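A look at the structure
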Amino acid sequence: MTVLITGGTGTTGSRVAAALRGRDVAVRIASRRPAAGQVHFEWTDPATHAAALDGVRAVYLVAPVGVADPAPIVAPFLDEARERGVRRVVLLSSSAVPEGAPGLGELHRMVCASAPEPTVLRPSWFMQNFLGDHPHAYSARTEGEIVTATGSGRVAFVDAGDIAAVAAQALSGGEPHVGEYVLTGPEALSYAEVAAVLTEVTGHPVGHRAVEVEELTARLVAAGYPSDFSAMLAGLDADVARGVEDRTTSAVQDVTGRPPRSLREVVGDAHLSAGVAR
Ligand SMILES: NC(=O)c1ccc[n+]([C@@H]2O[C@H](COP(=O)([O-])OP(=O)(O)OC[C@H]3O[C@@H](n4cnc5c(N)ncnc54)[C@H](OP(=O)(O)O)[C@@H]3O)[C@@H](O)[C@H]2O)c1
């Protein structure tokens, strides 16, 4: 069985590929700029979908990033996948977006109606947002602060590696995992508490600055995000401030048989191995 990994060069997709290879499953990585061995894939160009889906039985689906309404763009791909006999589709959605809500929530509904064995992953915010090139990581490194509109609201940040472990099981395990899984890390933390962990692990002082939703939207637009997408992201921070992400689930443990990793472990490992959490 070959598994197609859309977003295969990204944060979760690259980890899904590694997890599947670790299980001796054949993977095909889709990219707009494919390296050797990868397949050319562009969500907005259905002509690239057929070759990507050739001989595929399962798909990891990362919607086009930065698009407020991805469902119409993904619909022709799901039609082609169904016609070609793809059984399992594992959609990466978000804990912040319930089935049927605008954006990823519409895609959630569409995947469940289209694929014979649909799994929808609804992870909380990623721990990797504090590593590498993510804006939080960048501002922590360069300005010594993380800026959010979350107030003192808590988030049960989850490791992208744990999301990938769940996805790999759903894509290639003996039994399908039909349904939705809200994925969290082991504890809910405020952004001030995250900043304290980053400070402790890296030795570089980091603080948290709480701003209003309007100011955050303006910052995101200034950083180059489309205005509708920026407003949507800033609105999610307001939801965090209201406490909607202040909970943990047992889904990672239930599916993988091991507990989710903590922020301290994930940031500590990255800091030690590559210095990316400087
Ligand atoms: N960050 C968080 O805290 C968080 C929390 C919950 C849910 N999410 C969800 O996670 C998703 C992002 O997942 P991720 O972080 O794993 O991805 P990512 O690192 O942002 O990478 C996105 C991938 O999508 C590919 N891509 C982008 N536009 C494309 C297009 N038009 N056609 C084909 N491929 C395209 C890119 O590949 P190429 O450049 O190689 O083409 C890239 O590998 C979003 O839907 C977000 O809502 C994020």
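Small disclaimer: the values here were computed from a predicted structure and weren't measured.

**Let's talk about the overall build of the protein chain**
The number of helices and strands found in the protein chain is eleven helices and eleven strands. The C-alpha radius of gyration computed for the protein chain amounts to 18 Å, which stays within 12% of the reference 19 Å derived for 278 residues, consistent with globular compactness. If you line up the protein chain on its principal axes, its C-alpha atoms span 50 × 35 × 35 Å. The burial tally for the protein chain puts 49% of its 278 residues in the buried class. Look at the contacts in the protein chain between residues 6 or more apart in sequence, and 75% of them connect residues 24 or more apart. A total of about 11,900 Å² of accessible surface is found on the protein chain, and carbon and sulfur atoms cover 51% of it.

**A word on the site of the ligand**
Neighbouring residues of the ligand: 22 residues in total, closest T9, T12, S31, R32 and F126. Note that an oxygen atom of the ligand is positioned 3.0 Å from one of the backbone N or O atoms of G10. Contact distances for the ligand include 2.8 Å between an oxygen atom and a backbone N or O atom of T11. Out of a free accessible area of 930 Å², the ligand has 81% covered by protein chains. Looking at side-chain class alone, the shell around the ligand contains nine nonpolar, ten polar and three charged residues.

**Description of helix α5 (residues 135–143)**
Residues separated by three or four positions in an α-helix point in the same direction, a consequence of the helix having 3.6 residues per turn. Of the positions making up α5, those classed as buried are H136, A137, S139 and A140. Its buried side turned inward, α5 meets β7 (145–148) and α7 (191–202). Two residues or fewer past α5, G144 is found with a positive phi of approximately 70°.

**Observations concerning the pattern of salt bridges**
Taken as a whole and judged by the stated rule, the model has 15 salt bridges. Between R84 and E80 there is a salt bridge; the shortest N-O distance is 2.8 Å. Note on R84: relative accessible area 33%, which makes it partly exposed. Here E80 falls in the partly exposed class, since its relative accessible area comes to 23%.

**Let's talk about the UniProt feature "domain: NAD(P)-binding" (unreviewed entry) in the protein chain**
Under the UniProt annotation, "domain: NAD(P)-binding" (unreviewed entry) lies at residues 7–103. Taken end to end, residues 7–103 is 31% helix and 20% strand, and its first and last C-alpha atoms sit 17 Å apart.

**Digging into the environment of R21**
Here R21 lies in helix α1 (residues 11–22). Along the chain, R21 and A168 lie 147 residues apart, while their C-alpha atoms are 9.5 Å from each other. If we ignore the near neighbours within four places in the chain, the residues touching R21 are V27 and I29.

**Looking at the nonpolar core**
L20, Y60, L121 and L171 are the most contacted members of the largest nonpolar core, which has 28 residues in total. Those elements that place two or more of their residues in this core are β1 (2–5), α1, β2 (26–31), β4 (56–61), β5 (88–92), α6 (160–172), β9 (179–183) and α10 (251–256). Top element by residues in this core is α6. It accounts for seven residues. Among all residues touching L171, those that are not within four sequence positions of it are M1, V3, V16, L20, A58, V59, Y60, R88 and V90. Counting residues in hydrophobic clusters, the runner-up holds 23 residues, among them V39, V56, V74 and F77.

**Brief notes about the side chain of H49**
As for its placement among the helices and strands, H49 is situated in helix α2 (residues 49–53). Looking at H49, the relative accessible area reads 1%, which means it is buried. Ignoring sequence-local partners within four residues, the contact set of H49 consists of F41, E42, W43 and F77.

**Remarks on the pairing of β7**
Going residue by residue along β7, you find E145 and V147 tucked away on one face and I146 and T148 tucked away on the opposite face as well. Both β7 and strand β11 (residues 207–210) contribute to a ladder of four bridges, which runs parallel. Looking at β11, one finds that V147 is bridged to R209.

**As for the packing of aromatic side chains**
Evaluated as defined, the whole model comprises seven aromatic pairs. Both rings, one in F41 and one in W43, keep their centres 4.9 Å apart while their planes meet at 80°; by these two values the pair is edge-to-face. Overall, the relative accessible area of 4% leaves F41 in the buried class. Look at F157 and Y191: their rings are 5.3 Å apart centre to centre, the planes differ by 90°, and that puts the pair in the edge-to-face class. Of this pair, F157 sits in the loop between β8 (154–155) and α6 while Y191 is found in helix α7, placing the two residues 34 residues apart along the sequence. Neither residue differs from the other here; F157 and Y191 are each classed as buried. One aromatic cluster in this structure is built from F41, W43 and F77.

Parameters and conventions
Residues numbered from 1 in each chain as written. Predicted model: local features only at pLDDT ≥ 70, side-chain atom pairs only at ≥ 80, totals over all residues. Heavy atoms only, no water. Helix = DSSP H or I, 4+ residues; strand = E, 2+ residues; numbered from the N terminus. Rg over C-alpha atoms; globule rule 2.2 N^0.38 Å. Buried < 20%, exposed > 50% of the residue type's maximum accessible area, 1.4 Å probe, protein only. Contact = heavy atoms within 4.5 Å. Areas by Shrake-Rupley, 256 points an atom, 1.4 Å probe, with all protein chains shown as cover. Near = heavy atom within 4 Å. Polar contact = N/O pair within 3.5 Å; in protein donor to acceptor, adjacent residues only side chain to side chain. Nonpolar A, V, L, I, M, F, W, Y, C, P; charged D, E, K, R; others polar. Salt bridge = Lys/Arg side-chain N within 4 Å of Asp/Glu carboxyl O. UniProt positions renumbered as here; feature names shortened; annotations may be inferred. Core = buried A, V, L, I, M, F, W, Y, C linked by side-chain atoms within 4.5 Å. Pairing = 2+ DSSP bridges. Phe/Tyr/Trp six-rings, centres within 6.5 Å; stacked < 30°, edge-to-face > 60°.

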